[in-house]
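Each chain, letter by letter, is given below.
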Amino acid sequence: MATEVSTALAPRQAPARRQATLPWLREHFFADTGNSLATLILLALIAYALSSLFTWGVQLAIFQPDAEACRALDHAGACWGMIAEKIRPILFGRYPHAEQWRPALVLLLLGGMVIQTFRRDQHGWPTLIAWTGTLLLSFVLMNGGVFGLKFVTTAQWGGLPLTLLLAVCGVALAFPLGILLALGRRAELPVIRGLSTIYIELVRGIPLVSVLFLASFLFPLFLPRGMTVDVLLRVLAGFSLFAAAYLAEVVRGGLQAIPRGQIEAAQALGLSYWQIQRDIVLPQALRAVLPSLMNNFISTLKDTSLVTVVSLYELTGALSLALTGDADWRPFYLEGYLFIGAIYWCLCFSLSRYSRRLEIRFSAGHLTR
Amino acid sequence: MHRSQRLALLYQVIAVLALLGLGFWLVSTTAANMQRQGIPSGFGFLWQPAGFNVGEGGFPFAAGDSYWRAFAAGLANTLRVSIFAIAFTTALGTLIGIGSQARNLLVRSCCAAYVEVFRNVPLLLQLLAWYIFLVQALPPITEAWQLGNLYLSKCGLSFPFFVWQDSHWGWEIPTRSAFAIGGGASLTPEFIALLCGLTLYSAAYLAETVRSGIEAVAKGQSEAAAALGLSRWETLRHVTLPQAMRVIIPPATNQCLSLIKNSSLAITIGYPDLVSVANTSLNQTGRALECISLIMLVYLTLSLAAAALLGWLNRRMAWKEP
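Residues numbered from 1 in each chain as written. Chains lettered and ligands numbered in written order. Predicted model: local features only at pLDDT ≥ 70, side-chain atom pairs only at ≥ 80, totals over all residues. Heavy atoms only, no water.

A. View of the pairing of strand β2 (residues 150–153) of chain B. Residues and elements named next belong to chain B. Residues Tyr 151 and Ser 153 point to one face of β2 and are all buried, whereas Leu 150 and Leu 152, pointing to the other face, are not buried. Pairing of strand β1 (residues 145–147) with β2, which is carried by three bridges, proceeds in the antiparallel orientation. Note that in β2 the partner of Leu 147 across the bridge is Leu 150. Between β1 and β2, which pair antiparallel one after the other, the connecting turn spans two residues, and Gly 148 there sits at a positive phi close to 65 degrees. Pairing analysis gives three bridges linking β2 to strand β3 (residues 156–159), with the strands arranged antiparallel. Looking across to β3, one finds that Tyr 151 is bridged to Ser 158. Hairpin remark: β2 followed by β3, antiparallel, with two residues in the connecting loop. (Buried < 20%, exposed > 50% of the residue type's maximum accessible area, 1.4 Å probe, protein only. Helix = DSSP H or I, 4+ residues; strand = E, 2+ residues; numbered from the N terminus. Pairing = 2+ DSSP bridges.)

Written out as structure tokens, the structure is:
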């Protein structure tokens, strides 16, 4: 009896898509009457919005710094020439014109450090030292007075470098305090727990504006006679004290996620409280709440815009400063706000995308969508 | 007592003593500084006539009334804008959060785009942009847009409302005269800008919260509901949302509190809320300590009251095991 050996055919390539174009369109856009109506209405609205935006922002807009042509437009078109004319006061505030290479260099340094930090996976002491060095170098560059650099008072610092310095230094200073507060709130000693809770709830209950007023008006009264502290350092101190309370709550969430067995096992091994926190609890806790920490940093970056109320002219305030004194360009605030909004949006959006990437990398199975 | 208990007691006593010492040093230094600089102290200034006017709001304030009435008017303005903003935010945020789960790809994308745009730009910038936009885009009062009995112009929105005329409440309709629109009630552009800015910003956060709450409900629930023949809308209303509430409410209460605190940014667009009034009083009387502590006290009370109210709501909605 002859047996036939059959050879299997090679498997066919799987189709690239599960649905052809028309069924896909129907399912996603025109599933039923209501959906079709919604699609058509939204398309009409989006088309109208985009076309009027295009007319205002591109077609009728003026791109040269020509004040008369802009005024002749009478808001029918955007005056992007204002940005071209005023970009240096907007980006650098009241910094002296000849020395503006220094804040530009600070921007490059900070940007480079941020990109480097985001590219590498492992961070340890070298990263910390690199960041501390970068921040110190930035302060020296902005301040001047050494190495032949001209001295510039902090009242003249402004624009984007001030925003970034406030955000990074604020979070850097708030971090140790926030961790201590979070540990204190979970401590067994009732006095420490009470004091930490009171501080956190007090600071979280008041608006940032009032903390900035406190830092700006009241800190000089708290200091002994003859001692003055720079306005930027005062505002930075107030800002950090405020951010520390919110950071403490985020870290506390991470601490609550550590199983109690870890701490008990460490205690059985004879580790002291601080050794347990430093080597076992905090590394796990901080990694668990990394997305929330990034959200907190994004919020802090947005909160830096509030220092305008205490006369520190970071990016938002620098625009007011650039336009208020100049009658030629004063009608064109909206273009300025759109420009600054785009800068903030790019910064915050890229940070939130990076936070998403971190969350996926560190989630290891318990991902929150 | 065990050694560890004695150590714990020692640490706490040191902490309390250090805090008391710091407190005494702060108070004495501040008192000395204030005396040296001739800054008066005390809350007596609240009964002196205020040197400024609180332009808007329902609280009756005439020029020359005392400072505490100014503070009360500022507080009324803060509450007025906060309550309306919370109401609109809840409606808009819930709509967009539910829309992010829609079957229609365009609706989902629009909701996601809305959240990404309005969350990543600082609130201060949005408020300023809204204010400038309203002042630029709206017509002057002589050419106000009219829709029925509503008038919209650079000077705000006028609408018919109850007005106290000759010792009785009457329904008054705004009428257009040569240079102004009189009668009825009106909302200033500052109020409208603050309301729009706060609502759109907070609604983006609330939409994210609602979205994550809906996604936290087990997928099997909606699948079982679909197997039972419920439509998507019925599933959402009867199955998904009630379960999503207990995940949504705690972050949502935090966002309500944030909204109340964010209303303090009104100072930058000239809306006379509590912080703005306190800032003007501070500049006029020089009583920095009193004014700032008043702001903090009022906001703390508001935060604690709102937290208590919403904690009660949370307990009501909590998951009751059968």
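B. Inspection of the state of the cysteines at higher detail. Residue and element names in this part refer to chain A. This structure, assessed with the given rule, holds one disulfide over all chains. The disulfide bridge from Cys 70 ends at Cys 79, spanning 2.0 Å between sulfur atoms. Where Cys 70 bonds to Cys 79 through sulfur, the torsion about that S-S bond is close to 80 degrees, and the disulfide is right-handed. This pair shows no difference in class: Cys 70 is buried, exactly as Cys 79 is. (Disulfide = S-S within 2.5 Å.)

C. Seen up close, the pattern of salt bridges. Evaluation of the coordinates by the stated rule reveals 13 salt bridges over all chains. In this structure, Glu249(A) engages Arg185(A) in a salt bridge whose closest nitrogen and oxygen atoms are separated by 2.8 Å. Here Arg185(A) lies in helix α7 (residues 159–185) and Glu249(A) lies in helix α10 (residues 231–256), a separation of 64 residues in the sequence. The partner of Arg69(B) in a salt bridge is Asp65(B), and the shortest N-O contact between them spans 3.4 Å. One salt-bridge network, held together by shared partners, links Arg185(A), Glu201(A), Glu249(A) and Arg252(A). (Salt bridge = Lys/Arg side-chain N within 4 Å of Asp/Glu carboxyl O.)

D. Highlighting the packing of aromatic side chains. Evaluated as defined, the whole model comprises 18 aromatic pairs over all chains. Look at Phe191(B) and Tyr271(B): their rings are 5.9 Å apart centre to centre, the planes differ by 50 degrees, and that puts the pair in the tilted class. Taken together, the positions of Phe191(B) in helix α5 (residues 189–216) and Tyr271(B) in the loop between α7 (232–262) and α8 (274–285) put the pair 80 residues apart, joining distant regions of the chain. Owing to a relative accessible area of 2%, Phe191(B) belongs among the buried residues under this scheme. Judged by relative accessible area, which is 0%, Tyr271(B) ranks as buried. Feature note: the residues Trp24(A), Phe29(A) and Phe30(A) constitute an aromatic cluster, connected by ring pairs. For the cation-ring pair, Arg204(A) lies above Tyr246(A), with the distance from its terminal atom to the ring centre recorded as 5.6 Å. Geometry around Phe191(B) places Arg80(B) over its ring, the cationic atom sitting 4.6 Å from the centre. (Phe/Tyr/Trp six-rings, centres within 6.5 Å; stacked < 30°, edge-to-face > 60°. Lys NZ or Arg CZ within 6 Å of the ring centre and 35° of its normal.)

Distances and angles like these do not, on their own, reveal function.
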